[in-house]
Amino acid sequence: MKEMKIDIAVIGGGPAGMAAALEARRQGAGKVMIIERDIEPGGILQQCIHDGFGLHRFKKRLSGTDYAQRFIDEVEASDIEVLLDTMVLEITRDKVVYACNNRDGMMKIRCGAVILAMGCRERTASQVLLYGYRRPGL
Ligand SMILES: Cc1cc2nc3c(=O)[nH]c(=O)nc-3n(C[C@H](O)[C@H](O)[C@H](O)COP(=O)(O)OP(=O)(O)OC[C@H]3O[C@@H](n4cnc5c(N)ncnc54)[C@H](O)[C@@H]3O)c2cc1C
């Protein structure tokens, strides 16, 4: 199994993960790595083709994809490592991240800190009110 040691692992390469990684680096964190299961960073914003994003941060109306691209450009211009197409399977209490991809197989990554930025999923009202053993969250 491939083993690595880094200072900060950010799980999820959506806007929250990229912003957290950039800020951690700006604040002086050493080796920062984003681990993203998709083949490209950007998260859900890659599906948001309407505009209205970016008014606060960039003072401009941007589509979701353009907003995401601004972060992607910043991450690419930095020395933050981005592991794409890589699924995080487990995080232990002592901050070891187990992840896998087709290139490297299983990886064991020892981290000084782990930032969780995996987004969230909506539940429909009917699911929330569902009784029985197949309720979401069980
Ligand atoms: C259809 C739609 C329209 C929207 N419209 C707007 C809007 O108009 N304005 C607005 O402000 N917001 C909008 N949003 C919400 C906005 O897109 C989200 O709030 C934002 O993308 C959340 O960012 P995030 O980084 O927290 O999560 P996400 O964008 O979900 O990113 C999480 C990332 O984590 C990765 N990940 C998850 N689990 C793992 C794992 N185990 N291993 C590795 N990677 C993992 C995922 O692949 C994903 O890339 C919309 C959302 C949707 C779905």
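Structure first, text after, so check above.
The structure displayed is predicted, hence computed values, not measured ones.

Rules behind the numbers
- Residue positions within a chain follow its written sequence, with the count starting from 1.
- Only residues with pLDDT of at least 70 are given local features in this predicted model, and only at 80 or more are side-chain atom pairs given and counted; all residues enter the totals for whole chains, interfaces and linings.
- Note: side-chain values were computed over all heavy atoms of the structure, leaving out hydrogens and water.
- Numbering of helices and strands runs from the N terminus, with a helix taken as a DSSP run of H or I at least four residues long and a strand as a DSSP run of E at least two residues long.
- The length a helix should cover is 1.5 Å for every residue beyond the first.
- Burial classes follow relative accessibility: with a 1.4 Å probe on protein chains only, a residue under 20% of its type's maximum area counts as buried, one over 50% as exposed, and anything between as partly exposed.
- By arc we mean the arc of the directions from the helix axis to the C-beta atoms, nothing more.
- What makes two residues a contact is simply this: any of their non-hydrogen atoms within 4.5 Å.
- We call a residue near a molecule or strand as soon as one heavy atom of that residue lies within 4 Å of the molecule or strand.
- Distance and chemistry together define a polar contact, namely a pair of N or O atoms within 3.5 Å, with one atom able to donate a hydrogen and the other to accept it when in protein, and with adjacent residues in sequence counting only for side-chain atoms on both sides.
- All accessible areas in this document rest on Shrake-Rupley with a 1.4 Å probe, and a residue is counted as covered only by the protein chains that are shown.
- In this analysis the probe radius is 1.4 Å and the grid spacing 1 Å, with only protein atoms considered; a cavity is a set of points the probe fits into but cannot get out of, a pocket is an open set with protein on both sides within 12 Å along at least five of seven lines, and lining residues have an atom within 4 Å of a point.
- If over half the atoms of a molecule are within 2 Å of the grid points of a cavity or pocket, the molecule is regarded as sitting in it.
- Any residue that is not Ala, Val, Leu, Ile, Met, Phe, Trp, Tyr, Cys, Pro, Asp, Glu, Lys or Arg is counted as polar, Gly included; the first ten are nonpolar and the last four charged.

Undergrad: So what exactly am I meant to see when it comes to helix 1 (residues 15-26) here?
TA: The α-helix winds at 3.6 residues per turn, so residues separated by three or four positions along the chain end up facing the same way. Between its first and last C-alpha, helix 1 extends 16 Å over twelve residues, near the 16 Å set by a 1.5 Å rise per residue. When helix 1 is considered as a whole, its buried residues turn out to be Gly17, Met18, Ala21, Leu22 and Ala24. Taken around the axis of helix 1, the buried residues stretch over an arc of 160°, which confines them to a single face. Away from the buried face of helix 1 by more than 90 degrees, exposed residues Ala16 and Arg26 are located. Buried positions along helix 1 lie against strand 1 (2-11), strand 2 (32-35) and helix 2 (64-76). Positive phi shows up at glycine 28, right after helix 1, with a value of about 100°.

Undergrad: What should I look at first to understand the site of the ligand in this one?
TA: Lining the immediate surroundings of the ligand are 20 residues, of which Ala16, Glu36, Arg37, Ile44 and His50 lie closest. Between the ligand and the protein, one listed contact pairs an oxygen atom with a backbone N or O atom of alanine 16 at 2.9 Å. In the complex, the protein chains occlude 65% of the 1,000 Å² of accessible area that the ligand would expose alone. Structurally, the ligand is housed in the largest pocket. Looking at side-chain class alone, the shell around the ligand contains eleven nonpolar, seven polar and two charged residues.

Limitation: the analysis is restricted to geometry and does not speak to function.
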